[in-house]
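A look at the structure
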Amino acid sequence: MFGYCGKLLYVNLTDGKLEDRELSEADAKKYMGGSALAARILFDMKAYAADPLGADNTIAFMTGPLTGTLVPGSGRFEVAARSPLTGGFGVSSAGGFFGAELKRAGYDGVVITGAAESPVYLWIKDGAAELLPADGLWGKTGSETVRGISEERGEKNCRTACIGPAGENLVRYACVIAGSHNFAGRTGLGAVMGAKKLKAISVKGKAQVELAEKQEFMDIREKILKTLAEDVTAKSYSAYGTAGTMQLGMLVSDVPTKNWRVADWEEGSDKLNGISVAETILSGTKSCYACPIGCKRVVTIPDGPHARENAVGPEYETVASMGTMQLVDDIEAVTAANELCNELGMDTISAGSSIAFLRECLEAGLIGEEETGGRALKWGAAEQTLELLELAARREGPGALLAEGVKRMSEKIGKGSEEFAVHSKGMEAPMHDPRAYHGLALAYATSPRGACHITHADLVAEMGVYTYPEFGVTGGYDTISSKGKAEMVAGSENLGMVAGSAVMCMFVIWPLSMKREVLPALNAATGFGWSMADLVAIGERGWHLQRAFCNMAGMTAADDKVSPRALKPHLEGSPTGLDKVVATMTSFSPPSLPFVKTVANAAVGRIIPVQKNVVKGLGRLLFTKKLSAAEMKKKESPDLEYMLREYYTVRELDREGRARPRKLAELQLADVAETMFPKSEASPAD
Ligand code: SF4
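Here, residues in each chain are numbered from 1, in the same order as that chain's written sequence. For a predicted model such as this one, the threshold for reporting local features is a pLDDT of at least 70, and the threshold for listing and counting side-chain atom pairs is 80 or more; totals across whole chains, interfaces and linings nevertheless cover every residue. Side-chain numbers here rest on the full set of heavy atoms in the structure, without hydrogens or water.

Observations concerning the sheet that holds strand β3 (residues 59-62)
In spatial order, the strands read β2-β1-β6-β3-β4-β5; together these six strands make up an open sheet with mixed pairing. The open sheet is flanked by β2 (17-22) and β5 (89-94), the only strands paired with a single partner. Strand-to-strand, the axes of this sheet are offset by a mean angle of 15°, without reference to chain direction. As paired strands, strand β1 (residues 7-12) and β2 are joined by six bridges and run antiparallel to one another. Across the sheet, Lys7 pairs through a bridge with Glu22, a residue of β2. In this description, strands pair whenever DSSP reports at least two bridges between them. Helix numbers and strand numbers start at the N terminus; a helix is a DSSP run of H or I with at least 4 residues, a strand a run of E with at least 2. The angle between two axes is taken between their N-to-C directions and runs from 0 to 180 degrees, where each axis is a line fitted to C-alpha atoms and a helix contributes only its stretch in contact.

Some points on the environment of Arg153
When you line up the elements, Arg153 lands in helix α4 (residues 142-153). The spacing of Arg153 and Ser202 is 49 residues in sequence and 9.6 Å in space, taken between C-alpha atoms. Here, two residues are considered to be in contact whenever any of their heavy atoms come within 4.5 Å of each other. Residues contacting Arg153, with those up to four places away along its chain left out, are Tyr121, Trp123, Glu130 and Leu132.

Notes on the domain arrangement of the protein
Under the domain assignment, the protein is made up of domain 1 (7-204), domain 2 (237-428) and domain 3 (660-686). Throughout, the edges of the domains are those of an automatic or database domain assignment. Domain 1 and domain 3 are separated by 31 Å when their C-alpha centres are compared. Taken residue by residue, the interface counts five residues in domain 1 and five residues in domain 3. Here the quantity called buried area is the total loss of accessible area, with a 1.4 Å probe, experienced by two parts when brought into contact, counted for both. Where domain 1 abuts domain 3, roughly 390 Å² becomes buried across the two surfaces, and 58% of that area is made up of carbon and sulfur atoms. Take a side-chain nitrogen of Lys or Arg and a carboxyl oxygen of Asp or Glu: if they are within 4 Å of each other, that pair is a salt bridge. In this assembly, domain 1 and domain 3 are joined by one salt bridge. For Arg40, the salt bridge goes to Asp671, with nearest N and O atoms at 2.6 Å. Pairs of N or O atoms are called polar contacts if they sit within 3.5 Å, as long as, within protein, a hydrogen donor faces a hydrogen acceptor (for residues adjacent in sequence, only side-chain-to-side-chain pairs). For the pair domain 1 and domain 3, the number of links is two residue pairs in polar contact (both at pLDDT 80 or more). For the side of domain 1 that touches domain 3, the elements supplying multiple residues, two or more each, are α1 (25-31) and α2 (34-44). Ten residues, namely Ala, Val, Leu, Ile, Met, Phe, Trp, Tyr, Cys and Pro, are considered nonpolar, four, namely Asp, Glu, Lys and Arg, are considered charged, and the remaining ones, Gly among them, are considered polar. In the side of domain 1 that touches domain 3, the residues fall into three nonpolar, no polar and two charged.

Here we look at the site of the ligand
A single heavy atom is enough: if one lies within 4 Å of a molecule or strand, its residue is considered near that molecule or strand. Within the structure, the ligand sits among Gly73, Arg76, Ser287, Cys288, Cys291, Ile293, Gly294, Cys295, Lys296, Cys505 and Phe507. Broken down by class, the residue content of the shell around the ligand amounts to six nonpolar, three polar and two charged.

Quick notes on the nonpolar core
Residues Met32, Met346, Leu389, Tyr468, Trp510, Met514 and Tyr647 are the most contacted members of the largest nonpolar core, which totals 179 residues. In this structure, Ile124, Ala161, Ala184 and Leu198 belong to the second largest nonpolar core, which totals 30 residues. Here, the term nonpolar core denotes a set of buried Ala, Val, Leu, Ile, Met, Phe, Trp, Tyr and Cys residues that are joined through side-chain atoms within 4.5 Å. Note on classification: 1.4 Å probe, protein chains only; a residue is buried when its accessible area is under 20% of the maximum for its type, exposed when over 50%, partly exposed between these limits.

Examining the pattern of salt bridges
Enumeration according to the criterion identifies 37 salt bridges in this entry. Between Lys663 and Glu666 there is a salt bridge whose closest N-O contact spans 3.2 Å. Taken together, the positions of Lys663 and Glu666, both in helix α27 (residues 661-666) and three residues apart, correspond to about one turn of that helix. Here the residues in one salt-bridge network are Lys258, Arg261, Glu360, Glu363, Arg565 and Glu572, joined through shared partners.

Concerning the state of the cysteines
The rule for a disulfide is simple: a pair of cysteine sulfur atoms within 2.5 Å. Applying the stated criterion across every chain yields a total of zero disulfides. In this model Cys5 remains outside any disulfide bridge; the closest cysteine sulfur is found in Cys158, 18 Å from its own. Just so you know, Cys361 is unpaired, no disulfide at all, and the nearest cysteine sulfur is the one on Cys341, 19 Å from it. Taking the relative accessible area as the measure of exposure, Cys361 reaches 0% and is therefore buried.

Some words on the sheet that holds strand β14 (residues 296-301)
Sheet architecture is open: three strands sit in the order β13-β14-β15, paired in antiparallel fashion. At either margin of the open sheet sits one strand with a lone partner, and together these are β13 (282-286) and β15 (308-312). Neighbour to neighbour, the strand axes of the sheet diverge by 20° on average, direction disregarded. Where β13 lies against β14, four bridges are found, and the strand directions are antiparallel. Across the sheet, Thr285 pairs through a bridge with Arg297, a residue of β14.

Below you can see the structure in the form of structure tokens.
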């Protein structure tokens, strides 16, 4: 089978049995790979009924048909299991080199069940796999583990996905570490590995991915490289990383600040953004396998308490979660917090959100200093953040509470704290504010994995940067209106599912044409001859499978929500009154054609000069509308109920939030409908 190894490795950690199983062409055609195929496997194994931290949970590490080819953004892999954070379908992807190397080692994926009695790691080389003791690695950080396995195996360039102490200690937002700059951060899958006493999977191989139409594939790759070279988002990520547009985000109150309370903190975003990083501590960049963008930052801090050389620089989500969320504007301290999370193996979004939530609980008098281990927590105190991160990873003192994430923390603390524990389905919301982009509220509420900004294309679609007409994402959206968002969110989720199943980096796929680049690349790789309708169906099928998994795990329509704090006007500070920053990407000199086109197409209001110091010499004029303060307050309240009503119609969900059986049958998921509605019971509203 072209584009695939045609083989999955099944590992039972309880009895140590390893078994190769065929990946059928029928499954590859129907689910493609990655995220959707993982959903099929986990659904069939009834992982929705498993204890997320039990031996009965299944964890899958999956690649897709483009993984390991030379298409940019194709080095990723997806990890999936029942999430200990949400209780629903947990999935997260990481870049770097592990995904490509797993494929070179001969497998499309690894599916792991059971639990070992003592720590182990899985070693795969050139199609042969074995479980090896990891007692000596237990307790080690991410980089120590990667180095330790490499030395033990005598393989300099093996690629490792592992956990740090946080995963071992079952922190509910522990991540999977896939090298220095790469993490499957969300939904707590590191804790699933920890519960199974699986310290790592390490892979090495030299096989090449066989392509159906090699020359055609290489021609499409050239086309994709050209698109990326001209694309303003890709250029911005290359030059300034994912935090390059943070100041522009702050202009429209998109950057959560002080636990989602403050509307605008200009000083913070001026110091923490990617342009400032480039001017101060940036010492290099890094890229994932076969990617020309290189959005990863390498930083050097020459002296002071956080001095380090060529360390991992923080991405946007981290400068916000460890910076603005804590009112910390010290980029060096944020860099230290980032590295601590990386080494200990914790998702920076959830960890930062939990600490900000704890700070607010203490400030509001809902807890006393006995709950913080005697610490008088203060906003802006960076050293406290570092200390709390260590404690969370080891579940010591207040760390035991922090390790549970904001939903469980608020359930324990009570006293109305649920109002400002910002999450969906138990996963802490990422660092983009639904009050700036109303569709995000819907995307957070309906993502199967909980509040998520990256398994769909809502942000770039709603901003007006890109359209995906084949997926019903046609553009022209009003960012601060709740009208007409359902189709856009559903379409962008389906598109995200295709990216997660292909498996490709979202930053790479965003600027590409699905018709002229993505679909032809997939067909040249596999020879499957998928049509665009097939691609859309794969995306929709994958989403419904993950939704069905969540339903079977007990989730209903009542779980499609976002915490109130993120849906009401900010409590402190004033929004700038700008309703949008069209195409919030920095322009380059000379401006690229797509940038000019995007701005010209999306410009709807008058031209005003932007806030001082915003783009530092790059494109000082932006097209926006200026709203009055009263108008702005009104626009700061996304109408989630309204959007959900529209969305349920678009997705064909019943009142309980389940897909209607006829919809599942249409997606060739009749067996899923039978599981959800036993004895052919129709859905109540069907
Ligand atoms: S855009 Fe960044 S995260 Fe995506 S593949 Fe390239 S380097 Fe990796």
